[in-house]
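Examination of the molecular architecture
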Amino acid sequence: MTPRDLIAVIVTRGGTLPTGADEAVAEAGGAAVVVGTGSEDAARALVSARTVTAVETEPGVPGRLAAMLRPLIEAAAVVLLPASPDGRDLAPLLAVELDRPLFAWAARCSPSEVELVRLDHRLSIRVGLDGPAVATLAPGARGAEPVQEPSSVLPRTLNAPKERPGPDEPGKTLPADPATVDLGEARRILGGGAGLVPPDESGAQMMELLGDVARALDASAGATRVVTDAGWMDYSRQIGTTGVVVDPDLYIAFGISGAAQHTGGLGAPHHVVSVNTDPSCPMTAMADLGIVADAPAVLRELARRLGVGHEKERRTVPAALLERGSTVANERFDAVVVGAGPAGSAAALELARAGRRVALLERGPFPGSKNVYGGVVYGRILDEVVPQWWREVPVQRWITRRSTMMMTPTQSVSFDVRSQAWGGPPYNGMTTYRADFDSWLAGKAEQAGAELITSTLATELLRGGDGAITGVRTDRPDGELHAPLVIACDGVNSFLAKSAGLLPEADADHHTLGVKETLSLPRETIDERFAVSGDEGLDIEMVGCTGPIAGGGFLYTNRETVSVGVVLSLTDLAASGRRPEDLIADLKAHPSIAPLLRGAELKEYSAHLIPEGGYDHMPELATEGMLVAGDAAGMCLAAGIWLEGVNFAIGSGLAAGRTAAEALERGDTSAAGLARYRKRLSESFVLADHKRLRRAPGFVLSPRVQHRYPELVCDLVQELFTVRNPKPKPRLGGLLRRTARTKASGSPTSPATRSRG
């Protein structure tokens, strides 16, 4: 062993590997010491190990264990342990024994640097090492790569160290209490989500009942982030990528839809049971057994049969609201919001906080499952509704670099802005996955009291005798939801807005097609290639990269993926006969982009229609009993260097929710009663920015901006920095005029042409 090696130390009990064992061994390059009872069996169970020393001993005395291990590990530059309960017990004692610093909760580790994660993985800190160290690796931080050849296991017997003076140490290990054991070590877990808490009931009491049932089953209780954010269960019991990563034998999910940030922390349970009224939710889809039933009712029946907990008076969410194939006739709400994207969730949040009963319909299995975007989310609009939202939002990276790139097939000129101020609260922009972000925002609406109904499509508007809208019909049998007010947030080319006569038939001239590829790259590669670190990110907007088709390109960094894509004029695309994926391939092959994406693996391909008509092509925003918000109202701002959508959707949704709450309070949901909506939007950034930039969409898609300006700028800058000694440098004014004349005449620009003067 050379002084620059890493080695993993794994404590085993009865031959069982702790959570994160293989990750720690993989991070150490396959070198490990497995110590405890059943050490040889545990060593052979490691899939990422190459060489393992197995030390059979009782693991109950960490101080004595540290002294025993010293001869085996002291030559290693870094001693790495999984952040399991035993690992966290042993690590500080090894640090003392070896006289080294301890770095807890690392995401990456090398002999020269450790990357530490804090604030639920939202903060990354890189620390340089100037000597040997001990570190614990956060479970779920990196994954584990199986090695091809069987590992070499060497059994060793170590002598117990001489007794030393010091504090008394325990002589035996007590059985773990399932109620308090680290979730990462729990073999059986009962998880609770927002669907376990009926309206008008105490979330804390329902989670207490979940804990009672878990104890009776010799299991541990955990929860989703929505539950812990609401204060119904301690954060130490939060399961997911931003909480505790678990890997139990059995996981029973009560009322959990299965957001990506939750299922991403589940490891590979041997058995999964999902109790949910939605048979198509992601959690039920991944379950070995799906119980399509009301989660609170099932939990209470379990408690009754196990003789734990106590019955309480309750108002149960009607099962008909959530069960596929059942009727929802005669269900009455104060408002129905159609579409659980950013606009719909924001509207539902405002209405629920105003004390209104609101249904939030989502056609997908969970919020965000059907949504696509290709850029940056600007979250400052959330300041007034979710204080310090940046502490909990599921961010990928905070944008601290923004670049605008003008391109020709062989050239590019970039205007790059970097600001450290954008990398701290309250931040400026972020990249995020819509499945995570939309689920988080919809969860906020649910916490406030909104009733989320997924896998449900609004197929028709209901109308009263006077023609006013009185609700929606859904694709469920007899699936009518009645309300004096409907808020249509059903996306671009809105079916509901058309049905209400507010939106004319789609005009291809005022829509574009956004097409995106998500490519996988290691995090450290992204950091190096894009000159960022930690949670910093880069957003690049491009013009001149789509050939004869008007549009633009984009590239932005996520934590371990890069998204690259194009936005294309529909009319130009149809006339060209080209496929969108071919244009993305051309962009990825551009000499300014190709080196950044070298070795990337395609993970996802998606496309989305974008309303780019702007202020002059928005529909009417209100009618008798209905408001329109978000993309359904054409709120996306596509104005050259400003490409923003999610913040405008949230802003319009908040305005719609507030207007709706006021109208319901007055008992007037007529068009006149809802007229305050447009005024409210005009007083905010939503319509103010659109009105100020109303001419921008046409200008941005004009031939001048799409072709002449990129060529002019690229040729001018290229010539400006081309040294043609012994000729003197040209005057800037003359160079500009000559380049402009060349472009105006349509003459090709060649080195020979450029050399005149």
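Residues numbered from 1 in each chain as written. Predicted model: local features only at pLDDT ≥ 70, side-chain atom pairs only at ≥ 80, totals over all residues. Heavy atoms only, no water.

A separate point is the overall build of the chain. Summing up its helical and strand segments, the chain has 23 helices and 34 strands in all. Expected size for 757 residues packed as a compact globule is a radius of gyration near 27 Å; at 30 Å, the chain falls within 12% of this value. Overall, the C-alpha framework of the chain stretches about 90 × 85 × 40 Å when taken along its three principal axes. The burial tally for the chain puts 54% of its 757 residues in the buried class. Taking the intrachain contacts of the chain between residues at least 6 apart in sequence as the baseline, contacts between residues at least 24 apart amount to 67%. (Helix = DSSP H or I, 4+ residues; strand = E, 2+ residues; numbered from the N terminus. Rg over C-alpha atoms; globule rule 2.2 N^0.38 Å. Buried < 20%, exposed > 50% of the residue type's maximum accessible area, 1.4 Å probe, protein only. Contact = heavy atoms within 4.5 Å.)

Taken in spatial order, the four strands make up an open sheet running β15-β24-β23-β22, and their pairing is mixed. Here the strands that pair on one side only, and so sit at the sheet edges, are β15 (331-332) and β22 (458-463). (Pairing = 2+ DSSP bridges.)

With that settled, the discussion passes to a nonpolar patch on the surface. Taken together, the side chains of Leu720, Phe721 and Leu732 define a hydrophobic patch exposed on the protein surface, amounting to about 340 Å² of accessible area. Relative accessible area serves as the criterion here: at 52%, Leu732 is assigned to the exposed category. (Patch = residues over 30% accessible without salt bridge, like charges linked within 9 Å, V, L, I, M, F, W, Y side chains within 5 Å. Areas by Shrake-Rupley, 256 points an atom, 1.4 Å probe, with all protein chains shown as cover. Salt bridge = Lys/Arg side-chain N within 4 Å of Asp/Glu carboxyl O.)

Under the defined criterion, the tally for this structure stands at six aromatic pairs. Summarising the aromatic geometry, the rings of Trp389 and Trp398 are spaced 6.0 Å apart at their centres and angled 55° between planes, so their arrangement reads as tilted. Every member of this aromatic cluster is reached through a ring pair, and the members are Trp389, Trp390, Trp398 and Tyr427. Arg357 extends its terminal NZ or CZ atom over the ring of Phe333, reaching a point 4.2 Å from the ring centre. (Phe/Tyr/Trp six-rings, centres within 6.5 Å; stacked < 30°, edge-to-face > 60°. Lys NZ or Arg CZ within 6 Å of the ring centre and 35° of its normal.)

Time to look at helix α3 (residues 62-73). Its twelve residues place the ends of α3 15 Å apart at the C-alpha level, agreeing with the 16 Å of an ideal helix rising 1.5 Å per residue. Among the structural elements, β1 (6-12), β2 (31-36), β3 (51-56), β4 (78-82), α4 (85-98) and β9 (152-156) are those in contact with the buried residues of α3. (Expected span 1.5 Å × (residues − 1).)

With that out of the way, let us pick up the pairing of β2. Within β2, six of the six residues are buried, which leaves the element mostly enclosed by the surrounding structure. A two-sided burial pattern is seen for β2, the buried positions comprising Ala31, Val33 and Val35 on one face and Ala32, Val34 and Gly36 on the other. When β2 meets β3, the two strands line up parallel, connected through six bridges. Considered in β3, the bridge of Val35 is made with Val55.

With that out of the way, let us pick up the nonpolar core. Grouped together as the largest cluster of nonpolar side chains are 82 residues, with contacts concentrated most on Phe437 and Met635. At eleven residues, helix α17 (residues 646-666) tops the list of elements feeding residues into this core. Beyond its immediate sequence surroundings of up to four residues, Met635 is in contact with Met618, Leu621, Gly630, Phe648, Ser652, Tyr677, Leu681, Val686, Leu687 and His690. (Core = buried A, V, L, I, M, F, W, Y, C linked by side-chain atoms within 4.5 Å.)

Moving on, we get to the sheet that holds strand β14 (residues 289-292). Strand order in the open sheet formed by five strands is β11-β10-β12-β13-β14, with parallel pairing between adjacent strands. Only two strands of the sheet have a single partner each, and these edge strands are β11 (220-223) and β14. Within this sheet the neighbouring strands show an average axis-to-axis angle of 15°, counted without direction. Sheet topology note: the strand β10 (residues 188-192)/β11 ladder contains four bridges and is parallel. Counterpart to Gly192 in the pairing with β11 is Ala223. (Axes fitted to C-alpha atoms, helices over the stretch in contact; angles between N-to-C directions.)

Geometry only, nothing functional implied.
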